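Structural overview for review
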Amino acid sequence: MISPELLAAIPLPDTPPSIGSMLAWNPPSFPVLPALALAASILYLIGLVRLRRLQRAWPWWRTACFLAGCLLLAAITGLGIEAYGYQLFSVWMFQHLTLSMTIPPLLVWGCPGLMLLRATPHRGLGRLVLAVAVSGLRSRTMRWMLHPGFTIPLFLFSYYGIYLTPVFDNVASTVLGHQLLELFFLLSGLLFVVPILSVGPLPIRQTNLGRFFDLFVEMPLHVFFGVILMMATTPLVEFFATPPPQWGIEAMRDQYLAGALAWSYGEPVALVVVIVFAIRWRRDEMRDNAVADRRSDLVGDDELAAYNAFLNDLYPRRPDRSAVSRPVASLVREHDAAPASAIISTGHVTDAGSSARRNTA
C-alpha cells in the first residue's frame, strides 16, 4: 500500500491508465534516470562527432541502437507511465522488463566502451579518462562482476528475490527506493548482457558455448516466474494489493496481467538476442577458420602434421608383396588364361592347363 509520505512526494494520476495517459508528459520530481539517459546521449554524440572529424568509420546502426536505448530509458522513467508504476503491478512489471531486458541490449549494441576508447583524446584530461577506464576495466572487481557466477544469480534475484520476499515492500515505499530499484534492474540487465553481446575489450571473454549456456539458463527461469504470478491466489506484493478503487481494477487481475507480461514480454526480446548471438557465433567461426587456413598456408598445420604422424605410428606401412616372385603360380595362371584346348605339334588335342601343371610337376 502506498504510504501518505509517498503520495505527498509524487504527483500520482487520478484517471485510470490508458495509452495516452501513460505516454503523456509527466516527469517525476527527481528525474534521475531520464537525466542519466540525456547525459549518455550527449556524450555519445560528442564522441561520434569527434570520430567523424578524425575520419574514423563508425556504423550507423550502433548509433541508432544506443540512442534508441537512451530514448526508451528516458520515456519509461520520465513519462506518465512512471507515476502509474507506483500504483499498478502490471505497469511496474512492464517497466521492470523494459529496464532489464530491452534497454540493455540496445545500449550494448551501441558499443559505448569502444566509442570511449576511439574518440577520447590521448592527451590532457582525455588521457586521465582513458587511464581510469582501462584500469577499471582490468580490475579484479570488474572481472568478478562480469563472471557468470555473479551475473546470472543477480539477474534472477531481480525477479525471485525482489518480489517473493519482503524486499520490494520495504524498499519501494519511498521515492528514493523506487528509483534505486529501477537503477538496479537496469544494471543487472547490463551486467548479464555485456559478456554475451559486447564486442569491446572485456576483462574476461567467455567462449561462444558458454554464452549460449547463459542464455539457455536465463530464458526459462523468468518465464517460470511469470507462471508463479499467474497461478497465485493471493497478492504476492503487498505494495500493489490495493489499487485505487475509483479505477475499478482488481488487485488479483492486475497481478495476473503482471505475470502474463513476465511470461510473454521477454520471449521476443530473448529470441532477437539469440539470433544476433548466433550470427556473431557463425562470423567468429568463419574468421577463426580463415585465420587458421592462412597460417597453415604460411607455416604449415602443426595439428594436421601431428595427426598424420600419429596415424603412421598406429598403422605402419607393410612391405609390398606384389613384387614377390611366385613362378609356379604365375605359370599356372598364364596357362589357365590360355584357350581351353591347344593343338600340340604331334596333332593331339590336349588341355593346356593340365599340360602346364604336369610340366611344373
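Just so you know, these numbers come straight off a predicted model, no measurement behind them.

Relative orientation of the contacting elements helix H3 (residues 32-53) and helix H4 (residues 60-78) amounts to 165 degrees, with a least axis distance of 8 Å. In this view, H3 runs roughly antiparallel relative to H4, as classed from their interaxial angle. Where H3 crosses over H4, the handedness of that crossing is left-handed. Only Arg62, Thr63, Phe66, Leu67, Cys70, Leu73, Ala74, Thr77 and Gly78 of H4 make contact with H3, whose side of the interface consists of Leu33, Pro34, Ala37, Ala40, Ser41, Tyr44, Leu45 and Leu48. Taken together, the residues of the contact of H3 with H4 break down into 12 nonpolar, four polar and one charged.

With that out of the way, let us pick up unusual backbone geometry. Residues other than glycine predominantly adopt negative phi, and peptide bonds predominantly adopt the trans conformation. Phi is positive for Gln55, which is not a glycine, with a value near 60 degrees. Here Gln55 lies in the loop between H3 and H4.

Turning next to the state of the cysteines. Taken as a whole and judged by the stated rule, the model has zero disulfides. With no disulfide of its own, Cys111 has Cys65 as its nearest cysteine by sulfur position, at a separation of 8.9 Å. On the accessibility criterion, Cys111 (7% relative accessible area) is buried.

Our next topic: the packing of aromatic side chains. All told, the structure shown has 19 aromatic pairs when counted by the stated rule. With 4.3 Å between their ring centres and 10 degrees between their planes, Tyr44 and Phe66 make a pair best called stacked. Remark: Phe66 occurs in helix H4 and Tyr44 occurs in helix H3; sequence separation between them is 22 residues. Phe66 shares its class with Tyr44; the two are buried. Summarising the aromatic geometry, the rings of Phe155 and Phe192 are spaced 4.9 Å apart at their centres and angled 20 degrees between planes, so their arrangement reads as stacked. Placement of Phe155 in helix H10 (residues 148-163) and of Phe192 in helix H12 (residues 175-197) is noted, with a sequence separation of 37 residues between them. Across the ring face of Trp58, the terminal group of Arg62 is positioned such that the distance to the ring centre comes to 5.0 Å.

Its 16 residues give H10 an end-to-end C-alpha distance of 22 Å, which sits within 8% of 22 Å, the value for a rise of 1.5 Å per residue. The principal kink in H10, of about 45 degrees, is found at Phe157. Of all the positions in H10, only Pro148, Thr151, Ile152, Leu154, Phe155, Leu156, Ser158, Tyr159, Gly161, Ile162 and Tyr163 are classed as buried. Where H10 is buried, its residues meet helix H6 (89-109), helix H9 (140-145), helix H11 (167-171), H12 and helix H13 (208-231).

Within the secondary structure, Gln255 is located in helix H14 (residues 251-264). The residues contacting Gln255, other than those within four sequence positions of it, are Phe89, Leu229, Ala232, Thr234, Pro235, Leu236 and Val237.

Mapped onto the present numbering, the UniProt feature "transmembrane region" (unreviewed entry) falls at residues 32-51, 63-81, 93-117, 144-163, 183-204, 216-236 and 256-279. Between the first and last C-alpha atoms of residues 144-163 the distance is 26 Å; the span itself is 90% helix and 0% strand.

In this structure, Trp58, Phe89, Trp92, Met93, Tyr163 and Phe168 are the most contacted members of the largest nonpolar core, which totals 64 residues. In terms of residue count, H6 provides more of this core than any other element does, 12 residues in total.

On to the packing of H10 against H12. At a minimum axis distance of 8 Å, the contact between H10 and H12 shows a crossing angle of 150 degrees. Between H10 and H12 lies a crossing of left-handed hand. Here Phe150, Thr151, Ile152, Leu154, Phe155, Phe157, Ser158, Ile162 and Tyr163 of H10 lie close against H12, whose contacting residues are Leu181, Phe184, Phe185, Ser188, Gly189, Leu191 and Phe192. Among the residues making up the contact of H10 with H12, the classes are represented as 12 nonpolar, four polar and no charged.

A few words on the environment of Arg127. On the secondary structure map, Arg127 appears in helix H8 (residues 125-137). Residue classification places Arg127 among the exposed positions, given a relative accessible area of 58%. With near-sequence residues (within four places) excluded, Arg127 lies in contact with Pro121 and His122.

For the rest of this paragraph, the subject is the side chain of Thr77. Structurally, Thr77 is set in helix H4. Of the polar contacts made by the side chain of Thr77, one reaches the backbone oxygen of Leu73; its length is 2.7 Å.

Conventions we followed
- Residues numbered from 1 in each chain as written.
- Predicted model: local features only at pLDDT ≥ 70, side-chain atom pairs only at ≥ 80, totals over all residues.
- Heavy atoms only, no water.
- Axes fitted to C-alpha atoms, helices over the stretch in contact; angles between N-to-C directions.
- Helix = DSSP H or I, 4+ residues; strand = E, 2+ residues; numbered from the N terminus.
- Parallel < 35°, antiparallel > 145°, perpendicular 65-115°, else oblique.
- Left-handed = near helix turned anticlockwise from the far one by under 90°.
- Contact = heavy atoms within 4.5 Å.
- Nonpolar A, V, L, I, M, F, W, Y, C, P; charged D, E, K, R; others polar.
- Disulfide = S-S within 2.5 Å.
- Buried < 20%, exposed > 50% of the residue type's maximum accessible area, 1.4 Å probe, protein only.
- Phe/Tyr/Trp six-rings, centres within 6.5 Å; stacked < 30°, edge-to-face > 60°.
- Lys NZ or Arg CZ within 6 Å of the ring centre and 35° of its normal.
- Expected span 1.5 Å × (residues − 1).
- Bend = angle between axes of the 7 residues up to and from the residue.
- UniProt positions renumbered as here; feature names shortened; annotations may be inferred.
- Core = buried A, V, L, I, M, F, W, Y, C linked by side-chain atoms within 4.5 Å.
- Polar contact = N/O pair within 3.5 Å; in protein donor to acceptor, adjacent residues only side chain to side chain.

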